[in-house]
Amino acid sequence: MDAAPLFAPPGFEGPDEAGERGSWEAMAHLAGEAVTTPRAAARRAFERELLVAGLPLAALPVESLHKPWCTPDGVMRASRGMYGGESAQHVRALCDACGLSVPPAFAAMPDHLTLLLELLAFFLEAGAEPSARMLVHDHFDWLGAYDATLAARAEQAVGAPAFDEEKRRDLAEGIAFMRGVVRSIDGAVHGWAEGAA
């Protein structure tokens, strides 16, 4: 599975700037007419401040980070915020069963939104609609929580003394764009799954 640069973690060797711009434009197209591709400065601000783990505004689109997870015997290990939860283990098992490999850059987060979307596309292209519906049911129920996290990061960015007005504007634009994309993905996958059932 190849990951799109839009959600790529730091250090991911992806396409050049033109390819990255294409990924953002593809996401804008997915989100519909109400969402326009952000300016390059807004894309960079979003990527540098929200897609780098450990930074104060970090908000990675990784399922395990936004869902509680338990041990196999049902004991809750974390309310959220940890890599490698049940969802990550399940996605890795699905990939293994399908003969797919998780790119090394995503080894700690096989439940990254990019990989979930690629796995969904894999099932749909293979004509495995029941598997696709199950994937949507099991692994796309956290997008509302991610959207809420992005909303909280937008509020934090407005008051962050480390950012000047230009950086705040860029972050607001990048976050607003990503929220539109996430809501569109959420609506599209669940609308399809409910309609296909």
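Structure's up top.
Analysis parameters
Residues numbered from 1 in each chain as written. Predicted model: local features only at pLDDT ≥ 70, side-chain atom pairs only at ≥ 80, totals over all residues. Heavy atoms only, no water. Buried < 20%, exposed > 50% of the residue type's maximum accessible area, 1.4 Å probe, protein only. Helix = DSSP H or I, 4+ residues; strand = E, 2+ residues; numbered from the N terminus. Arc of directions from axis to C-beta. Core = buried A, V, L, I, M, F, W, Y, C linked by side-chain atoms within 4.5 Å. Contact = heavy atoms within 4.5 Å. Expected span 1.5 Å × (residues − 1). Phe/Tyr/Trp six-rings, centres within 6.5 Å; stacked < 30°, edge-to-face > 60°.

Asker: A description of helix 6 (residues 129-139) should follow, citing residues and the corresponding values.
Answerer: For helix 6, the complete set of buried residues consists of Ala132, Leu135, Val136 and His139. Down the axis of helix 6, the sector holding all buried residues measures 105°, keeping them to one side. Set apart from the buried face of helix 6 by more than 90 degrees, the exposed residues are Pro130, Met134 and His137.

Asker: Lay out the nonpolar core with the relevant residues and their values.
Answerer: In this structure, Phe46, Leu50, Phe140 and Leu150 are the most contacted members of the largest nonpolar core, which totals 42 residues. At the level of secondary structure, the elements contributing two or more residues to this core comprise helix 2 (40-50), helix 4 (86-98), helix 5 (113-125), helix 6, helix 7 (143-159) and helix 8 (165-196). The element contributing the most residues to this core is helix 8, with nine residues. With near-sequence residues (within four places) excluded, Leu150 lies in contact with Phe46, Leu50, Ala59, Ile175, Met178, Arg179 and Val182.

Asker: Go over helix 4 with me, naming the residues and quoting the values.
Answerer: Here helix 4 is 13 residues long and its end C-alpha atoms lie 18 Å apart, about the 18 Å a rise of 1.5 Å per residue gives. Every buried residue of helix 4 is accounted for by Ser87, Ala88, Val91 and Cys95. Looking straight down helix 4, one finds that the buried residues subtend no more than 100° of arc, so they occupy a single side. Among the exposed residues of helix 4, those pointing more than 90 degrees away from its buried face are Gln89, Asp96 and Ala97. Buried residues along helix 4 sit against helix 3 (63-66), helix 5 and helix 6. Note on helix 4: the residue one or two positions beyond its end, Gly99, has a positive phi of about 75°.

Asker: Tell me what's going on with the packing of aromatic side chains, and back it up with residues and numbers.
Answerer: Inspection of the entire model under this criterion finds two aromatic pairs. Geometrically, the ring pair formed by Phe122 and Phe123 is tilted, given 6.0 Å between the ring centres and 55° between the ring planes. Between Trp142 and Tyr146, the aromatic rings sit 5.9 Å apart at their centres with planes inclined by 55°, giving tilted as the arrangement. Note on Trp142: relative accessible area 1%, which makes it buried.

Asker: Give me the side chain of Ser87: which residues, what numbers.
Answerer: On the secondary structure map, Ser87 appears in helix 4. Excluding its chain neighbours within four sequence positions, the residues that come into contact with Ser87 are Glu63, Ser64, Asp111 and His139.

From the geometry alone we can't say anything about function, so treat these as descriptive.
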